[in-house]
Amino acid sequence: MQSRTCLITGANSGVGRVTALELAKKGFNIIMLCRNMERSRPVQQEILAAARQAGPNIPTVALIPCDLGSQQSIRQAAQRVHNQFERIDVLINNAGRVVDPLQYSPEGIELTFQTNYLSHFLLTHLLLDLLRRSDEPRIINVASEFHRLARFREIPNRDEKHYNAIGAYNDSKLAKMLFTFELADRLMGEGITVNALHPWLVDTHFAEDGDAKGVLYLTFQFFKLFAPGPEVLAKTHIYLASSPEVRHVTGLYFANCRWEPPSQMAQNRALGRKLWTLSEQLTGISEYVASPYSLTY
């Protein structure tokens, strides 16, 4: 049986790291897309060591640099993935940030929205051709219960006067939910499953890279005191990536390995289609959507 391959964004810490570690133990090849190479290389070696102890068939653990805050970096990373791998079986859009004060991507897009949502919209489309080569392709979007607090607006055009870091984070997670359900519908006939999950706020490096300061940073540190460790909360990621129970399940939202009803706003299909059109414009991906095998990276 040929080994399956899973690409995970933000696989160098927290839930992403544990997910990569446990899937490697199951024999998955792992592609780590990470922003911080210095932090990621020891984790890459840790995953390889764990895989060696688990069995004789040692999977590949590839580390590819990717700053999800830059669309150019995402395109370069996608090209490297194409150069090294013939297919992807599981794509876990895991990485996320909370940014305070207001910052913008090189393309002029508010950075929380770009990193948490728009980056994964772009990356997913750039890798769809590799997913189509799998006999059981799965896309997993890490969202959050904070999507229930979102007040969806024209997110990319926020200015300093109207910017709120938590509000931007909530909106980015709602955007990821809307994307999940719209993408699941569009890929239904191709056998590619698309689901979202809630990871909770875990004991990781989230909000510790200088993105969040002051009261916001202290708030995250307080809540993390009561959160389970990533070893517990990675179970939903691993379940959706590997369990035969969800092989044909698509368009749902999970928490603790169980289906949960999303907010009414997340199920607003008209809003999802509007977001999709906006996302195509902001990423310039429309040409790729029309002809996915002709894009020059």
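Check the entry above for the structure.
In this report, the structure presented in the accompanying data block is examined. Quick caveat, the model's predicted, so the values are computed rather than measured.

### So, the overall build of the chain
Okay, step 1: When you go through the chain residue by residue, the secondary structure sums to ten helices and eight strands.
Okay, step 2: For the chain, buried positions account for 58% of its 297 residues.
Okay, step 3: Total accessible area on the chain stands at roughly 13,000 Å², and carbon and sulfur atoms take up 51% of it.

### Regarding unusual backbone geometry
Okay, step 1: Of note, the amide linkage connecting D100 to P101 takes the cis form, showing an omega dihedral of 5°.
Okay, step 2: Inspection of the secondary structure assignment puts P101 in the loop between β4 (90–93) and α4 (111–131).
Okay, step 3: The backbone phi angle of N256 is positive, close to 55°, even though this residue is not glycine.
Okay, step 4: Secondary-structure assignment places N256 in the loop between β7 (253–255) and β8 (258–259).
Okay, step 5: Although it is not a glycine, C257 sits at a positive phi angle of roughly 65°.
Okay, step 6: Among the secondary structure elements, C257 is positioned in the loop between β7 and β8.
Okay, step 7: Since its relative accessible area comes to 28%, C257 is described here as partly exposed.

### Regarding the pairing of strand β3 (residues 61–65)
If a strand is regular, its side chains alternate between the two faces of the sheet.
Okay, step 1: In terms of residue burial, β3 counts as a mostly covered element, since four of its five residues are buried.
Okay, step 2: Judged from the five bridges that link them, strand β2 (residues 29–34) and β3 form a sheet pairing that is parallel. Of the residues in β3, the one forming a bridge with C34 is P65.
Okay, step 3: Handedness of the crossover is the feature at issue here: the chain leaves β2, passes through helix α2 (residues 37–54), returns alongside β3, and the resulting connection is right-handed.

### Things to note about the sheet that holds strand β5 (residues 138–142)
Okay, step 1: The eight strands are arranged β3-β2-β1-β4-β5-β6-β7-β8 in an open sheet whose pairing can be described as mixed. With one partner strand each, in any of the chains shown, β3 and β8 form the two edges of the open sheet.
Okay, step 2: Contacting β1 (5–9), β2, β4 and β5, α4 runs over the sheet at an angle of about 175° to β4.

### Some thoughts on empty space enclosed by the protein
Okay, step 1: Using the criterion set out here, one finds one cavity of 30 Å³ or more in the structure.
Okay, step 2: One number sums up the size of the largest cavity: a volume of about 40 Å³.
Okay, step 3: Together, R138, I139, I140, T193, N195, L240, V246 and V249 line the largest cavity.
Okay, step 4: Breaking the lining of the largest cavity down by element, the ones donating at least two residues are β5 and β6 (193–197).
Okay, step 5: In terms of residues, the lining of the largest cavity owes the most to one element, β5, which gives three residues.

Cut-offs and rules
Residues numbered from 1 in each chain as written. Predicted model: local features only at pLDDT ≥ 70, side-chain atom pairs only at ≥ 80, totals over all residues. Heavy atoms only, no water. Helix = DSSP H or I, 4+ residues; strand = E, 2+ residues; numbered from the N terminus. Buried < 20%, exposed > 50% of the residue type's maximum accessible area, 1.4 Å probe, protein only. Areas by Shrake-Rupley, 256 points an atom, 1.4 Å probe, with all protein chains shown as cover. Pairing = 2+ DSSP bridges. Right-handed = clockwise from strand over helix to strand, strands pointing away. Contact = heavy atoms within 4.5 Å. Axes fitted to C-alpha atoms, helices over the stretch in contact; angles between N-to-C directions. 1 Å grid on protein atoms, 1.4 Å probe; cavity = no way out; pocket = protein on both sides within 12 Å on 5 of 7 lines; lining within 4 Å. Points joined across faces, edges and corners; volume = space filled by probe spheres on them.

Purely spatial values, then, with no claim about function.
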